[in-house]
Amino acid sequence: MPELPEVETVCRGMDKALRGRTIAEVHTHREGLRAPFPAKLAEKLAGKQIIHCRRRAKYIVAELDNGQNLVIHLGMSGQIFLMAPGHIYKQRKHDHLIMKFDDGSQLAFNDARRFGIVLLLDKSELETHPSFRDLGPEPLERSFTGKKLAQLLAGKKTDMKAALMDQRVVAGLGNIYVSEALFLAGISPKRKAGTIKGGEADALVSAVKKVLNAAIKAGGSTLKDYRQADGELGYFQHRFAVYDREGKPCPGCTCDVKKTRGITRIVQGGRSSFYCPRKQA
DNA sequence: AGTGTCGCCTGAATGC
DNA sequence: TGCATTCAGGCGACAC
């Protein structure tokens, strides 16, 4: 379940390992994932140099020296394995795309559930492609303020859970960090989105930035030795306040959890939300 | 246009 | 032990 912090961590690892590298060979082991791989992907990538790797929403964007961009979305279960030069590559189950580089580095895109996607886009398409066109603001940018969020939520009848999951409102949040941010801001996932404004909007934006930055920091510390061994990127240990903690006390809890039953799980739009009904109004 | 629901896919966890 | 069922969820497709 890679969300913004996990994708950011993967991008940083890829950038460090692959910036300036030239793609030597590409192999695909099936037709595609959620969508077919771009036609003649291996041919189109061979010989191109990677200028840098960056993130937009939950997409990894590797800019190539011909103006094209290799775009990877990890979906639900996608993982990137980076292997240092000299590492003997052993194919794992669900390794769907392999890239080899001029210095002997290798990258494997592994995705058990195949919800991931691979695109090859021109620079201009990073604005116009359906996957990018409607994306909302990056939550960690300065321009993402309480005022901005309140504008985006104005008039919305959906609940806050759905609103923050909507990539058109803000880009990069998923099920985990929506629960975490709403808890930190003291806002119920059931609140109608259009009612969030002023101080609450400010608090929510601060909470979003705080949970994302903390998670990125946690991910960064796991990156240290990523080029050793198999170089798995994308998942790291991170302690959550409410996510997947049904029935447990929330941080700073003073309740009698036996009576209050602690953190509550509800289903919204077919997805679990975790929250504290006593702290989140 | 905005909102809500479904299905894609596999593996881990759970139930009988 | 083994088989079946449930659940996880990003996101596009679709219905209303």
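Quick notes on the rules
- Residues numbered from 1 in each chain as written.
- Chains lettered and ligands numbered in written order.
- Predicted model: local features only at pLDDT ≥ 70, side-chain atom pairs only at ≥ 80, totals over all residues.
- Heavy atoms only, no water.
- Domains from an automatic or database assignment.
- Near = heavy atom within 4 Å.
- Polar contact = N/O pair within 3.5 Å; in protein donor to acceptor, adjacent residues only side chain to side chain.
- Nonpolar A, V, L, I, M, F, W, Y, C, P; charged D, E, K, R; others polar.
- Buried < 20%, exposed > 50% of the residue type's maximum accessible area, 1.4 Å probe, protein only.
- Helix = DSSP H or I, 4+ residues; strand = E, 2+ residues; numbered from the N terminus.
- Pairing = 2+ DSSP bridges.
- Axes fitted to C-alpha atoms, helices over the stretch in contact; angles between N-to-C directions.
- Contact = heavy atoms within 4.5 Å.
- Phe/Tyr/Trp six-rings, centres within 6.5 Å; stacked < 30°, edge-to-face > 60°.

### Focus on the domain arrangement of chain A
In terms of domains, chain A is made up of domain 1 (4-125) and domain 2 (146-275). The gap between the C-alpha centroids of domain 1 and domain 2 is 28 Å.

### Quick look at the protein's contact with DNA strand C
Around DNA strand C there are 16 residues in total, and His-73, Met-76, Arg-113, Phe-115 and Tyr-243 lie nearest to it. Near-protein atoms of DNA strand C (within 4 Å) split between backbone and bases, with sugar and phosphate holding 55%. Between Arg-271 and DNA strand C, the recorded distance is 2.9 Å, taken from a side-chain N or O atom to a base nitrogen. Partitioned by chemical class, the residues of the surface near DNA strand C number five nonpolar, five polar and six charged.

### Re the pairing of strand E6 (residues 95-101)
Most of E6 sits out of view: six of its seven residues are buried. Direction of pairing for strand E1 (residues 23-28) relative to E6: antiparallel, over a ladder of five bridges. Of the residues in E6, the one forming a bridge with Glu-25 is Lys-100. Taken together, the five bridges between E6 and strand E7 (residues 106-111) define a ladder with antiparallel strand orientation. Paired with Met-99 across the strands is Leu-107, a residue of E7. Adjacent in sequence and paired antiparallel, E6 and E7 are bridged by four residues, among which Gly-104 carries a positive phi angle near 95 degrees.

### A closer look at the sheet that holds strand E4 (residues 68-73)
With antiparallel pairing, the four strands of this open sheet are ordered in space as E2-E3-E4-E8. Of all the strands in the sheet, just strand E2 (50-56) and strand E8 (117-122) have a single pairing partner and so form its edges. Sheet twist, expressed as the mean angle between neighbouring strand axes with direction ignored, is 20 degrees. In this structure, E4 lies alongside E8, joined through six bridges in antiparallel fashion. Counterpart to Leu-70 in the pairing with E8 is Leu-120. Where helix H1 (residues 4-18) meets the sheet, it contacts E2 and strand E3 (59-64), and its direction lies at approximately 175 degrees from that of E2.

### A short note on the packing of aromatic side chains
Applying the stated criterion across every chain, the model contains four aromatic pairs. Ring centres of Tyr-177 and Phe-240 lie 6.0 Å apart, and the angle between their planes is 75 degrees; this geometry places the pair in the edge-to-face category. Of this pair, Tyr-177 sits in helix H7 (residues 175-185) while Phe-240 sits in the loop between strand E9 (232-233) and helix H9 (257-260); the two residues are 63 residues apart in sequence, bridging distant segments of the chain. For Tyr-177, a relative accessible area of 1% translates into the label buried. Each ring, one from Tyr-243 and one from Phe-274, has its centre 5.3 Å from the other, and the planes form 75 degrees; the classification is edge-to-face. Taken together, the residues span a long stretch of sequence, with Tyr-243 in the loop between E9 and H9 and Phe-274 in strand E11 (residues 271-275) at a distance of 31 residues. Across this residue pair, the class does not change: Tyr-243 and Phe-274 are buried.

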